[in-house]
Amino acid sequence: MNPRLTSSQQKTICRQLGRVVKLKLLYKASIHGFTGAAFHQRCDTHSPTVSVGYNNSGYVFGGYTAQPFSQSGQYMQDDQAFLFTFKGEQLLKYSVNNSPYAVKMVVNSGPYFGEDLALVIGSKAAAYSYPGNYYNFTAADMHGNDLNLTECEVYQVEETTELEKPWRTVIWENKRKLELIESIKTYRPTVSSVSQARVLFIGPVGAGKSSFFNSVNSVFRGHVTSQAMSGSSTTSLTTQFRTYSVKAGRQGKPLPIILCDTMGLEERKGAGLDIDDISSILKGHLVDRYQFNPSAPLHSEDSSYQKSPALKDKIHCVAYVIDACKISIMPTGLEEKLDAIRRKVNLLAIPQLVLLTKVDEACPLVKEDVRNVYKSGYIKDL
C-alpha cells in the first residue's frame, strides 16, 4: 500500500507537528473503499492521525487530530487540531478556534472536522465543506471549490528516532568498504620503532569487546572466526590480558594494528578489571596472557611485570566498548570507574574513542536496517 502523499509533503506535515515523528498509512479509500464503514474499520481507536483528501483540481488538503476516531456521534475536544492545504510545497494551516467542537465522530462518514470539513461522505468519493464554524478558511484556498475526491488517506502519527538528515555521512557501498579495508592494510605508524599500533578495548562485562575483535578478525580473514572467547555471562569470560594480531587473509601478513582485550569492568570493588591494572596496561608493563586477579593488581616486583617497556609495547589508542542498551541504566559505580579510567588515559595523552555495540537492539529504526544508525536521533543522543 503506497502512500499518495509525497515524501516531501509528509516531512512538511511532520515538521508542523513539532516532534520527531513519521506517518504510517492506515486507510486508503481507493483500496479499502470510499465508505464510512471502511474508514472506521481501519482507523477507529488510532491516534494521533493526519487525514488527507485529493481532488481532480490537484488540491491536497485535510486535517490533524490527536483524538482517536470512533462512531460515538459526539464532538471531541482537541486544542491541537488543525486543517491544512498545500499551496505548492507550502503548507497553509488553519487551527481550530473552538476546541470543544474540533472533531465530530460520525458513523457513516470519514474524518469529520467540526462542521467545517469532512472527507468521504456516506459511500461517496466526496468531501463536505462549510468553513467558518470552528475553523476559518476559504473553500477556494482549501480545495478550489472541488469537492469530488480522487483519493482519501488517513495516516497514524508515530514517534520515531529517525532524523531528517544523518548526523554522520557514510557511504554504504562495497567499493567504499574495500577502500577502508585497504587503508587499514596500508597504514603505517609515524614512529619507525612502532610497526603495529596497539588499540586497547575497555568496557563493562558483556559489552562485546571480544565479540567485536572476532568480527574484525572475520572481516580480514574472509571467514567467520572466534579466536577470542565470547558469550553471555554475568562475569567476564575474558580473564587474561590478550594481544591479538590480525592477519589479512588466511596466509596474509599481519595488519599494522594489534587489538588488546581485557577483563570486563564490574561495579563492585574487587571484581572485574582493576583500575591499577589498566594503568600498567597503558604503560606497557603487562605481557600477553597475563592472568588478571581482581583482588590483587600487578605489582612492579611481580615476575610478569615488564619493567622497561618500549614505545611499541604501550597502548596507542583506547576504545571504550559500551552496550548501547545499557547506557541509560549503567550503575553509578561503573560510571565512576569509567570516569577514573578516562582521567588516567587523558594524563597519558592517549587518543580515545567510544564504540557502541548492540545498536540494533537499542533502537528499532536501526534494527530495521543497520544503515539507519546515523539517522537515529536516539543513538546520536547517547
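Let me sum up the structure you'll find in this document. In this text, all values refer to a predicted model and were calculated from it rather than measured experimentally. Numbers given for residues are sequential positions, taken from 1 along each chain in its written order. In keeping with the model being predicted, local features are shown solely for residues with a pLDDT of at least 70 and side-chain atom pairs are shown and tallied solely at 80 or more, while totals for entire chains, interfaces and linings include all residues. Note that water and hydrogens are dropped before the side-chain values are worked out from all heavy atoms of the structure.

1. Structural notes on the overall build of the chain
Here's step 1: A tally of regular secondary structure across the chain gives eleven helices and 17 strands.
Here's step 2: C-alpha atoms define the radius of gyration in this analysis, and the globule rule sets the expected value at 2.2 Å times the number of residues to the power 0.38. Here the C-alpha atoms of the chain give a radius of gyration of 30 Å, more than 25% beyond the 21 Å that 2.2 N^0.38 yields for 382 residues.
Here's step 3: Taken along the three principal axes of its C-alpha coordinates, the chain extends 90 × 45 × 30 Å.
Here's step 4: Under the scheme applied here, a residue whose accessible area is under 20% of the maximum for its type counts as buried, over 50% as exposed, and between as partly exposed, the area being computed with a 1.4 Å probe on protein chains only. In the chain, buried positions account for 47% of the 382 residues.
Here's step 5: Here the contacts in the chain between residues at least 6 apart in sequence split such that 63% fall between residues at least 24 apart.
Here's step 6: Areas reported as accessible are Shrake-Rupley estimates using a 1.4 Å probe. Residue values count occlusion only from the protein chains shown. About 19,600 Å² of surface is accessible on the chain, with carbon and sulfur atoms providing 49% of the total.
Here's step 7: Lys and Arg are tallied as positive, Asp and Glu as negative. Neither His nor the chain termini are counted. Note that the charge is assigned to NZ on lysines, CZ on arginines, CG on aspartates and CD on glutamates. When the 43 basic and 36 acidic side-chain charges of the chain are each reduced to a single mean position, those positions are 8 Å apart. Numbering of helices and strands runs from the N terminus, with a helix taken as a DSSP run of H or I at least four residues long and a strand as a DSSP run of E at least two residues long. We call two residues in contact when some of their heavy atoms are within 4.5 Å.

2. Side note on the sheet that holds strand β11 (residues 149–159)
Note: strands within a sheet are paired through backbone hydrogen bonds, in either parallel or antiparallel orientation.
Here's step 1: Pairing within the open sheet is antiparallel, and its six strands lie in the order β1-β11-β2-β3-β5-β6. Of all the strands in the sheet, the pair left with one neighbour each is β1 (21–28) and β6 (90–95). Along the sheet, successive strands turn relative to each other by an average axial angle of 25 degrees, direction set aside.
Here's step 2: In this fold helix α1 (residues 7–17) packs onto β1, β2 (49–55), β3 (60–65), β5 (82–87), β6 and β11, with an angle of close to 140 degrees to the strand it touches most, β5.
Here's step 3: Here the axes come from fitting lines to C-alpha atoms, over the contacting stretch only for helices, and the angles between their N-to-C directions go from 0 to 180 degrees. Sheet strands in contact with helix α3 (residues 36–43) are β1 and β11, and its direction is about 140 degrees off that of β1. Between any two strands, at least two bridges found by DSSP are needed for them to pair.

3. A word on the side chain of Ser-218
Here's step 1: Mapping Ser-218 onto the fold places it in helix α6 (residues 209–221).
Here's step 2: Accessibility expressed as a relative area gives 15% for Ser-218, which makes it buried.
Here's step 3: Polar contact criterion, stated in full: a pair of N or O atoms within 3.5 Å, where within protein one must be able to donate a hydrogen and the other to accept it, and residues adjacent in sequence count only if both atoms are side-chain atoms. Only 2.7 Å separates the side chain of Ser-218 from the backbone oxygen of Asn-214, close enough to count as a polar contact.
Here's step 4: Residues in contact with Ser-218, not counting those within four places in the same chain, are His-223, Val-224 and Thr-225.

4. Side note on the packing of aromatic side chains
Here's step 1: Under the pairing criterion, centres of Phe, Tyr and Trp rings, with the six-membered ring standing for Trp, must be within 6.5 Å; the plane angle then separates stacked pairs below 30 degrees from edge-to-face pairs above 60, leaving the rest tilted. The full count for this structure, using the stated rule, is 15 aromatic pairs.
Here's step 2: With a centroid separation of 5.9 Å and an interplanar angle of 55 degrees, the aromatic rings of Tyr-94 and Phe-137 are classed as tilted. Of this pair, Tyr-94 sits in strand β6 while Phe-137 sits in the loop between β10 (124–129) and α4 (139–143), and the two are 43 residues apart along the sequence.
Here's step 3: Judged by relative accessible area, which is 13%, Tyr-94 ranks as buried.
Here's step 4: Considering the side-chain rings of Trp-167 and Tyr-374, the 4.9 Å spacing of their centres and the 80 degrees angle between planes classify their relative orientation as edge-to-face.

5. Considering the sheet that holds β10
Here's step 1: Spatially, three strands are ordered β8-β9-β10 in an open sheet, and the strand pairing comes out antiparallel. Of all the strands in the sheet, the pair left with one neighbour each is β8 (112–113) and β10.
Here's step 2: Pairing analysis gives four bridges linking strand β9 (residues 117–121) to β10, with the strands arranged antiparallel. Its bridge partner being in β10, Ala-118 is matched across the sheet by Tyr-128.

6. Some thoughts on α6
Here's step 1: A helix is expected to span 1.5 Å for every residue after the first. Counted at 1.5 Å a residue, the expected span for α6 with its 13 residues is 18 Å, and the 18 Å between its end C-alpha atoms agrees.
Here's step 2: Along α6, the residues that are buried comprise Lys-209, Ser-210, Phe-213, Asn-214, Val-216, Asn-217, Ser-218 and Phe-220.
Here's step 3: On its buried face, α6 is in contact with α5 (174–185), β12 (197–202), β13 (240–247), β14 (254–261) and β16 (317–323).
Here's step 4: Gly-222 sits one or two positions beyond α6 and adopts a positive phi of about 90 degrees.

7. Details of the pattern of salt bridges
Here's step 1: One side-chain nitrogen of Lys or Arg within 4 Å of one carboxyl oxygen of Asp or Glu is enough to make a salt bridge. Overall, the coordinates contain ten salt bridges when judged by the stated rule.
Here's step 2: The partner of Asp-369 in a salt bridge is Arg-371, with the nearest N and O atoms 2.9 Å apart.
Here's step 3: Connected through salt bridges with shared partners, the residues Lys-28, Glu-151 and Glu-153 form a single ionic network.

8. A word on the environment of His-32
Here's step 1: Within the secondary structure, His-32 sits in helix α2 (residues 29–32).
Here's step 2: Through-space distance from the C-alpha of His-32 to that of Arg-42 is 8.5 Å; in sequence the pair is ten residues apart.
Here's step 3: Beyond its immediate sequence surroundings of up to four residues, His-32 is in contact with Met-1, Leu-26, Tyr-27, Ala-38 and Arg-42.

9. Brief notes about the nonpolar core
Here's step 1: Only buried residues count toward a nonpolar core. Its members are Ala, Val, Leu, Ile, Met, Phe, Trp, Tyr and Cys residues joined through side-chain atoms within 4.5 Å. Within the largest apolar cluster, 28 residues are counted, with the highest numbers of intra-cluster contacts made by Tyr-27, Cys-43, Phe-69, Leu-83, Tyr-135, Leu-149 and Cys-152.
Here's step 2: At the level of elements, β1, α3, β9 and β11 are the ones that each hand at least two residues to this core.
Here's step 3: Once you skip the residues sitting within four places of it in the chain, Phe-69 turns out to touch Phe-39, Cys-43, Asp-44, Thr-45, His-46, Thr-49, Ser-51, Val-103, Met-105, Pro-111 and Val-154.
Here's step 4: The next biggest cluster of nonpolar side chains, apart from the first, holds 26 residues, and it includes Tyr-290, Leu-298, Ile-322 and Ile-341.

10. Focus on the packing of helix α7 (residues 275–282) against helix α8 (residues 332–347)
Here's step 1: At a minimum axis distance of 11 Å, the contact between α7 and α8 shows a crossing angle of 25 degrees. Considering their axes alone, α7 and α8 lie roughly parallel with respect to each other. Pair α7 / α8 crosses with right-handed handedness. When α7 is examined against α8, the residues Ile-275, Ile-278, Ser-279 and Leu-282 are found in contact with a partner set consisting of Lys-337, Ala-340, Ile-341, Lys-344 and Val-345.
Here's step 2: Taken together, the residues of the contact of α7 with α8 break down into six nonpolar, one polar and two charged. The labels follow the angle: roughly parallel below 35 degrees, roughly antiparallel above 145, roughly perpendicular from 65 to 115, and oblique for the rest. Each helix crossing is assigned a hand: it is left-handed if the near helix lies turned anticlockwise from the far helix by less than a right angle, otherwise right-handed if that turn is clockwise. Gly is put with the polar residues, along with every residue not named as nonpolar or charged; the nonpolar set is Ala, Val, Leu, Ile, Met, Phe, Trp, Tyr, Cys and Pro, and the charged set is Asp, Glu, Lys and Arg.

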